[in-house]
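# Observations on the three-dimensional arrangement
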Amino acid sequence: MQTYEDVIIARDGWLFLYGENEIECYQGTNLLNDEQLQNFAGKLNQLQDICDAQGKQLFVYIAPNKSQIYSKYMPTVEIVNTYKREQQLHSYMAENCRTPFIYQLTESLYASGIVQTYYKHDSHWNHIGALFGTNALYAAMGVEQTNPMDWVVGQQDADKYELYTYMGIPDNMVTHDDVEPTVDYRPNVTVNGLDVEAKVNRTTSDGMNDRRLCLIGDSFRVNMMPYLAKDFTNCTFCHRDNMKSIHDDIKAADVIVIDQLALSSLLS
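Presented here is a report on the structure given in the accompanying data block. Computed from a predicted model, the values in this text were never measured in an experiment.

### A closer look at the sheet that holds strand S5 (residues 101-103)
- The strand order S5-S4-S12-S10-S11-S9-S8 describes an open sheet built from seven strands, whose pairing is mixed. Looking at the sheet topology across the chains shown, the edges are occupied by S5 and strand S8 (191-192).
- Packing of helix H4 (residues 85-96) onto the sheet brings it into contact with strand S4 (57-62) and S5, and relative to S5 it is tilted by some 155 degrees.

As structure tokens, then:
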């Protein structure tokens, strides 16, 4: 396996992140022990009890790693365990917690058979991939879903080359050879205040769901934001490192969506 500056040089010009547990998750070498699983379930049940007492809906999600969805481009490495950490966590939470715990692996694999859903030179899902991921969340919520491909109006430069940046390659040396569908989602809905670059962002809209949604997550949240902001009339989007800034938003929320890493921080 060829790596450079924490980046895997993969097949057909694809790049994958090596660090941040990506390769461990791919090889299946970082399964959780019983104590870790029990601790996580205990925190989730604690948070669910708080939400129940306050009439809030709670959802936890895991966005699949790019290497799981596009394993065909990964270099040949030893797979220690085909049962991965995310699958282990999802299965345990489903059996030991009441909170909807969404691991969007099946949906993302299905979507990748229709259209490219992750960036070639970045770790994250692209805009159409994020819409498929949002649909999986909506399925758990009971919110209306649409066919993501119905909102595609063209094609554009993907313009996401983060892994080249990790490698220290300047922008003027990057060949822009990645494209993605242009998505024009619900064009008749007006959103106010959307800023996908902000660590904390609050939006309002004339969307169909008159509920306050609070989404706490990592960088995968960014491409979900334009869709959620159109479907919920009031949204707060927050990177999990900035949760201290949104205590009032959490208290006011009707629906709380968090990723699995934000859960530990929220109850620490």
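### A word on the side chain of Lys120
- Within the secondary structure, Lys120 sits in the loop between helix H5 (105-112) and helix H6 (127-141).
- On the basis of relative accessibility, which here comes to 13%, the residue Lys120 falls in the buried class.
- Leaving out residues up to four positions away in the same chain, Lys120 has contacts with Asp12, Gly13, Trp14, Leu15, Lys66, Asp177 and Asp178.

### Things to note about the pattern of salt bridges
- Applying the stated criterion across every chain, the model contains seven salt bridges.
- Note that Asp49 is salt-bridged to Arg98, the shortest N-O span being 2.9 Å. Of the two residues, Asp49 is situated in helix H2 (residues 34-53) and Arg98 in the loop between H4 and S5; the sequence distance between them amounts to 49 residues.
- Residue class for Asp49 comes out partly exposed when judged on its relative accessible area of 45%.
- Among the residues examined, Arg98 registers a relative accessible area of 52% and is labelled exposed.
- Here Asp177 makes a salt bridge to Lys120, at a shortest N to O gap of 3.4 Å. With Asp177 in the loop between helix H7 (162-166) and strand S7 (179-183) and Lys120 in the loop between H5 and H6, this residue pair connects regions lying 57 residues apart in the sequence.
- Among the ionic contacts, a cluster of salt bridges with common partners joins Asp49, Asp52 and Arg98.

### Some points on the pairing of strand S10 (residues 209-217)
- Here S10 pairs with strand S11 (residues 232-239) via seven bridges, running parallel. Bridge pairing in S11 places Gly217 opposite His239.
- In this fold, the crossover linking S10 to S11 by way of helix H8 (residues 225-231) has right-handed handedness.

### A look at the sheet that holds strand S1 (residues 2-4)
- Across the sheet, three strands lie side by side as S1-S2-S3; this open sheet has antiparallel pairing. Across the chains shown, the open sheet's two edge strands, defined by having one partner strand only, are S1 and strand S3 (15-17). Recorded for the sheet is a direction-independent mean angle of 35 degrees between the axes of neighbouring strands.
- Summarising the sheet, S1 and strand S2 (residues 7-9) pair through three bridges and their orientation is antiparallel. Pairing of Thr3 across the sheet is with Ile8, part of S2.

Reading guide: rules and limits
Residues numbered from 1 in each chain as written. Predicted model: local features only at pLDDT ≥ 70, side-chain atom pairs only at ≥ 80, totals over all residues. Heavy atoms only, no water. Pairing = 2+ DSSP bridges. Helix = DSSP H or I, 4+ residues; strand = E, 2+ residues; numbered from the N terminus. Contact = heavy atoms within 4.5 Å. Axes fitted to C-alpha atoms, helices over the stretch in contact; angles between N-to-C directions. Buried < 20%, exposed > 50% of the residue type's maximum accessible area, 1.4 Å probe, protein only. Salt bridge = Lys/Arg side-chain N within 4 Å of Asp/Glu carboxyl O. Right-handed = clockwise from strand over helix to strand, strands pointing away.

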